[in-house]
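Descriptive structure summary
These are the residues of each chain, in order.
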Amino acid sequence: MARRFVTPLAESEQQTLTSAYHHGEKRALRRRAHAIVLSDQGHTIGQISETPQVRRDAISRWLKQWEETGLDGLIDKPYSGRTPILDEHDHQRLQAMVVEQPHQIRSLQARFQEETGKTVSTETLRRALKKNDLSFKRIRHSLKARRDEMDFRNTQGLLKVLQEQEDQGEHELYYFDEAGFSQSSSVPYAWSPIGRPFEVTAYSHSRRLNVLGFLSRAGKLVYHTTTEPVTTETVIETFDQFVTRKDPDTFAIVVLDNTSMHRSRAFRRKIVEWMSHRVHLVYISAYSPELNLIEILWRRMKYAWLPLSAYLSFDRLCNEVYRLLDSYGAEHAINFE
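Residues numbered from 1 in each chain as written. Predicted model: local features only at pLDDT ≥ 70, side-chain atom pairs only at ≥ 80, totals over all residues. Heavy atoms only, no water.

1. Digging into a positive patch on the surface
Our working rule: Candidate patch residues must exceed 30% relative accessible area and have no salt bridge, after which like charges are joined if within 9 Å and Val, Leu, Ile, Met, Phe, Trp or Tyr side chains if within 5 Å. Values of accessible area rely on a 1.4 Å probe in the Shrake-Rupley scheme; residue burial ignores everything except the protein chains shown. For this document, the term salt bridge refers to a Lys or Arg side-chain nitrogen within 4 Å of an Asp or Glu carboxyl oxygen. Think of it this way: Lys and Arg go in the positive column, Asp and Glu in the negative one, and His and the chain ends go nowhere. For the purpose of locating charges, the reference atoms are NZ of Lys, CZ of Arg, CG of Asp and CD of Glu. What counts as a helix is a DSSP run of H or I of at least four residues, what counts as a strand is a run of E of at least two, and both are numbered from the N terminus.
Taken together, the side chains of Arg263, Arg265, Arg268 and Arg269 present a region of like positive charge at the surface. Looking at which element gives the most residues to the positive patch, the answer is helix 11 (residues 265-276), with three residues. Within the secondary structure, Arg263 is located in helix 10 (residues 260-263).

Dropping the structure here:
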């Protein structure tokens, strides 16, 4: 039986095939170009088929396609495929419908079928929504709708100026807030074997460790803790402790929110006294927790830094919270840049 070889290649054809073999975008093209080169070098179809592990008739077809149409014969042509179930109008209608029912894909599916007469699975709908740049995520609580946007922007601008002045050494800038830690707190996600999720005991009325903290972008953290409910008197005591621990020659600005304890008559009576110790207060706009940078610390502690074992007992939780607070700036830190 006569052996089949490709027609001898010109130098330009060898260069074209070599380039396709080494740099072709798809594996199929690289493999076919290599087969043509091997045939030109005197390898039989049987020998070539052993290298890429392809049937002999496929290699024979490659040789024929090369000789008839050149490199284009080795490139896969786009497949037409079946007609998509959803056309452009369907995608536009889905985009509008999901705004009205963003959390009920079953209702969305039924309504879409009723309007269009097209039967589609929920999985097809999910793919279509993803194609429209939508994703299914947990709905978040937000206070944005309740705040004064102009006041928010003004406060944002003021804080930026205060940060720039702090960078120039004009004062120290601290962010104050309270946070509570208990065994009933939300614990973070964790990897666990399928069917055996990690569990900690739920406590409906667990004790609570309250932390009142002053945090600076430079890594300073001054805090006070109590297991009693936080009142205006607790906050005043915490500020008094902060004043005594502060360098008396340093001017400090404390940013805080508008909670009632920070606006009470007793608290406001102390403001002038604290100012005499070079401590000035700046209130952020209402319903703008993202402007208070110490909120980042509380989230990191609760959802990233506290080990799951901390929730096994209240004493262990307290010890772990104290460990994180005492080691802040060394073992753990936040880069506010």
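Still to come is the rest of the account.
2. Considerations on the environment of Ala310
Definition in use: Residue contacts are counted whenever heavy atoms from the two residues lie within 4.5 Å of one another.
As for its placement among the helices and strands, Ala310 is situated in the loop between helix 12 (294-305) and helix 13 (314-326). In this structure, the C-alpha to C-alpha distance between Ala310 and Glu320, residues 10 residues apart in sequence, is 6.3 Å. Excluding its chain neighbours within four sequence positions, the residues that come into contact with Ala310 are Arg316, Leu317 and Glu320.

3. Description of the nonpolar core
Threshold: Put simply, buried Ala, Val, Leu, Ile, Met, Phe, Trp, Tyr and Cys residues joined by side-chain atoms within 4.5 Å make one nonpolar core. Each residue is placed in one exposure class: buried if its accessible area under a 1.4 Å probe, protein chains only, is under 20% of its type's maximum, exposed if it is over 50%, and partly exposed if it falls in between.
Formed by 33 residues in total, the largest nonpolar core has its most connected members in Phe181, Leu297, Trp298, Met301, Leu306, Leu317 and Val321. Those elements giving two or more residues to this core turn out to be helix 8 (149-167), strand 1 (172-182), strand 2 (208-216), strand 4 (252-256), helix 12 and helix 13. Among the elements that make up this core, the one with the highest residue count is helix 13 (six residues).

4. A closer look at the packing of helix 1 (residues 11-23) against helix 2 (residues 27-40)
What counts, and what does not: For every element, the axis is a line fit to its C-alpha atoms; helices are fit only across the contacting stretch, and the angle between N-to-C directions ranges from 0 to 180 degrees. To sort the angles, those under 35 degrees are grouped as roughly parallel, those over 145 as roughly antiparallel, those from 65 to 115 as roughly perpendicular, and the leftovers as oblique. By the definition used in this description, the sense in which the near helix is turned from the far one sets the handedness, with an anticlockwise turn below a right angle giving left-handed and a clockwise turn giving right-handed. When residues are sorted by character, Ala, Val, Leu, Ile, Met, Phe, Trp, Tyr, Cys and Pro go into the nonpolar class, Asp, Glu, Lys and Arg into the charged class, and all the rest, Gly among them, into the polar class.
One way to put it is that helix 1 packs onto helix 2 with a least axis distance of 8 Å and a crossing angle of 140°. By the angle between their directions, the pair helix 1 and helix 2 is classed as oblique. In this structure, the crossing between helix 1 and helix 2 has a hand that is left-handed. Packed against helix 1, whose contacting residues are Gln14, Leu17, Ala20 and Tyr21, the element helix 2 presents Leu29, Arg30, Ala33, His34, Ile36, Val37 and Asp40 at the interface. In terms of residue class, the contact of helix 1 with helix 2 is built from seven nonpolar, two polar and two charged.

5. Re helix 8
The following threshold applies: Multiply 1.5 Å by the residue count of a helix minus one, and that product is the helix's expected span. The arc under discussion is defined with respect to the helix axis, by the directions toward the C-beta atoms. We define a polar contact as two N or O atoms separated by no more than 3.5 Å, with the added condition that, inside protein, one atom must be a possible hydrogen donor and the other a possible acceptor, whereas residues neighbouring each other in sequence contribute only through side-chain atom pairs.
Between its first and last C-alpha, helix 8 extends 27 Å over 19 residues, near the 27 Å set by a 1.5 Å rise per residue. Considered for burial, the residues of helix 8 that qualify are Phe152, Thr155, Leu159, Leu162 and Glu166. Down the axis of helix 8, the buried side of the element spans an arc of 85°, and every buried residue falls inside it. Turned more than 90 degrees off the buried face of helix 8, the exposed positions are Met150, Lys160 and Asp167. Looking at the buried side of helix 8, the elements it contacts are strand 1, strand 4 and strand 5 (279-283). The N-cap of helix 8, judged by a side-chain oxygen 3.0 Å from the amide nitrogen of Met150 a few residues on, is Asp148. Phi turns positive, to about 85°, at Gly169, one or two residues after helix 8.

6. Regarding the pattern of salt bridges
Enumeration over the complete set of coordinates arrives at 16 salt bridges. As a salt-bridge pair, Arg55 and Asp57 come within 2.7 Å of each other at their nearest N and O atoms. Classification of Arg55 as exposed rests on a relative accessible area of 62%. Classification of Asp57 by relative accessible area gives partly exposed; the value is 38%. Between Arg153 and Glu149 there is a salt bridge, with its nearest N and O atoms 3.2 Å apart. With Arg153 and Glu149 both in helix 8, this residue pair falls four residues apart, about one helical turn. Each of the salt bridges in this network shares a partner with another, and the network as a whole consists of Arg147, Glu149, Arg153 and Glu290.

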